[in-house]
There are 2 protein chains.
Amino acid sequence: MEPGGASVPAALPYYVAFSQLLGLTVVAVTGAWLGLYRGGIAWDSSLQFNVHPLCMVIGMIFLQGDALLVYRVFRKEAKRTTKILHGLLHVVALIIALLGLVAVFDYHRKKSYPDLYSLHSWCGILVFVLYCVQWLVGFSFFLFPGASFSLRSRYRPQHIFYGATIFLLSVGTALLGLKEALLFKLGTKYSKFEPEGVLANVLGLLLICFGVVVLYILAQADWKRPSQAEEQALSMDFKTLTEGDSPSPQ
Amino acid sequence: MEPGGASVPAALPYYVAFSQLLGLTVVAVTGAWLGLYRGGIAWDSSLQFNVHPLCMVIGMIFLQGDALLVYRVFRKEAKRTTKILHGLLHVVALIIALLGLVAVFDYHRKKSYPDLYSLHSWCGILVFVLYCVQWLVGFSFFLFPGASFSLRSRYRPQHIFYGATIFLLSVGTALLGLKEALLFKLGTKYSKFEPEGVLANVLGLLLICFGVVVLYILAQADWKRPSQAEEQALSMDFKTLTEGDSPSPQ
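Nothing here was measured: the structure is a model prediction, and the numbers come from that model.

Bringing the overall build of chain A into the picture now. If you tally the helices and strands in chain A, you get 7 helices and 0 strands. Per-residue burial over chain A gives 47% buried out of 250 residues. A separation of at least 24 residues holds for 74% of the contacts in chain A among residues at least 6 apart in sequence. Carbon together with sulfur atoms contributes 69% to the accessible area of chain A, which is approximately 12300 Å² in total.

Next up, the structure:
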């Protein structure tokens, strides 16, 4: 066993592998649903709508979830490298999600369907705006060189809480969208245990499982990335500097 | 200021008050929705269905959320009193939720509607079963006198994680049910910004806000209930007993 906190917790790799298996299954089942029951995907036709669920699941669920796991998986790399990977994965997720949003608004425009009336759409816009704000604030605190060590330490727990919340809201929004797509098309046939309905219900449960497993990995205090030698030194300096301060609990 | 960890964190009461305001608003808006647009509530008529959303929101959302906050609110009472209150609130929540479940199954039976075909119903049954299991396991570990201190300490983080997860799943299931009720009744009128649709969307956002605020209060490490003198003594004993053990991280 390696000394100190540098060793990888025994169960962590299995949980990470399971999360990836679940995440890829979610993407595959979304593709299968769209391919088998919705005619597949194309930009310039009535199939344009189908770009929306696929892009949102890849961007806002799978890649966003993986971006949250970066600090648990890359434990020994330089902090800066891990940070950049975390930020980059979120950028890729944002671009793919933006493509999914353009697809649905463009489809609605061509069909003269109204926009933004449903709970799914309200939640979706809220989550996407929060996700952009979280990225910008995260970038300016952690990657932009200006922010002080103390400012970063105070903001970090908030960044983690809101990151996990935005991810869970993304999963919830996906469930609402799935339900909407089912009820619009199947209507009362949904209650006849149509194969599409059952497949979509299974997809919903898989989405929930992916969300729970990612949250479980994030919630284990022992699985956090250990601070490295240079960070520990900085942290000690910071402690020494602020010891006289006695910050009041709030 | 009081000595040690006995003082109440300055911001906590405001967050708890805000959570209660949100929780009561959620219950009131659910009542208003059912009263204004669904004909109100009665057991022996076609209004029996309406018992379901009201009971589930009171039991599985408001009371379950409040039961999770008990350890943040009652900080100076004996641990056992706080535990019993936590367990009792969950029992009341379970009974009210059970009434809501009986209402919907009985209504379906009378109308010869099929059961358990939708994603909402699958999630609902899953959450309710998990909630019962969590209660039983929690009771046997923490209130039944048999479990050892070391067993309790090892189970506690799991109990907290699954408790928060079941609560969040309850919120997600409520959103799916709300969406289902809207789409079944409003159909394409939903896209015309009907007052019922807008009110139900607002209710959805309020449910999400309640979930996020409860989760925020639970997630603040500094807001945890401080261990009291006798618990600290026990904990020290336990540490001394197991120091030679060096439990492997997993």
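Residues and elements named next belong to chain A. Feature annotation in UniProt places "transmembrane region" (unreviewed entry) on residues 12–36, 56–74, 86–105, 125–147, 159–178 and 198–219, given in this structure's numbering. The distance from the first to the last C-alpha atom of residues 56–74 is 26 Å, and the span holds 95% helix and 0% strand. Strand forms 0% of residues 125–147 and helix 83%; the C-alpha atoms that close the span are 29 Å apart.

This part takes up helix 2 (residues 51–73) of chain A. Bending of helix 2 of chain A peaks at approximately 30° at the position of Ala67(A). The buried fraction of helix 2 of chain A is high, at 20 of 23 residues.

Turning to the pattern of salt bridges, a few remarks are in order. When charged atoms on two side chains of opposite charge get close, those side chains can pair. Under the counting rule described, the total for this entry stands at 12 salt bridges over all chains. Note that Lys110(A) and Asp106(A) form a salt bridge whose closest N and O atoms lie 3.2 Å from each other. Of this pair, Lys110(A) and Asp106(A) both sit in helix 3 (residues 79–111), 4 residues apart, which is roughly one turn of that helix. When the shortest N-O distance is used, the salt bridge between Glu196(B) and Arg38(B) registers 2.6 Å. Placement of the pair is Glu196(B) in helix 6 (residues 195–219) and Arg38(B) in the loop between helix 1 (12–37) and helix 2 (51–73), with a sequence separation of 158 residues. A residue is classified by how much of its surface remains accessible, and Arg38(B), at 17% relative accessible area, is buried. Via salt bridges that share partners, Asp44(A), Asp106(A), Arg109(A) and Lys110(A) belong to a single interconnected network.

Compared with the 56 Å implied by 1.5 Å per residue over 38 residues, the 55 Å span of helix 5 (residues 149–186) of chain B between its first and last C-alpha is a close match. Just downstream of helix 5 of chain B, Gly187(B) is the residue with a positive phi angle, here 55°.

Moving on: the relation of the copies chain B and chain A. Rotating chain B by 180° about the axis while translating it 0.0 Å along that axis superimposes it on chain A, leaving an RMSD of 0.0 Å. Both copies are brought into coincidence by an operation consistent with a two-fold rotation axis. Comparing contact sets, 98% of the residues at the interface of chain B also lie at the interface in chain A, consistent with an isologous, same-surface contact.

Reading the values: the criteria
Residues numbered from 1 in each chain as written. Chains lettered and ligands numbered in written order. Predicted model: local features only at pLDDT ≥ 70, side-chain atom pairs only at ≥ 80, totals over all residues. Heavy atoms only, no water. Helix = DSSP H or I, 4+ residues; strand = E, 2+ residues; numbered from the N terminus. Buried < 20%, exposed > 50% of the residue type's maximum accessible area, 1.4 Å probe, protein only. Contact = heavy atoms within 4.5 Å. Areas by Shrake-Rupley, 256 points an atom, 1.4 Å probe, with all protein chains shown as cover. UniProt positions renumbered as here; feature names shortened; annotations may be inferred. Bend = angle between axes of the 7 residues up to and from the residue. Salt bridge = Lys/Arg side-chain N within 4 Å of Asp/Glu carboxyl O. Expected span 1.5 Å × (residues − 1). Least-squares fit on C-alpha atoms with pLDDT ≥ 70 in both.

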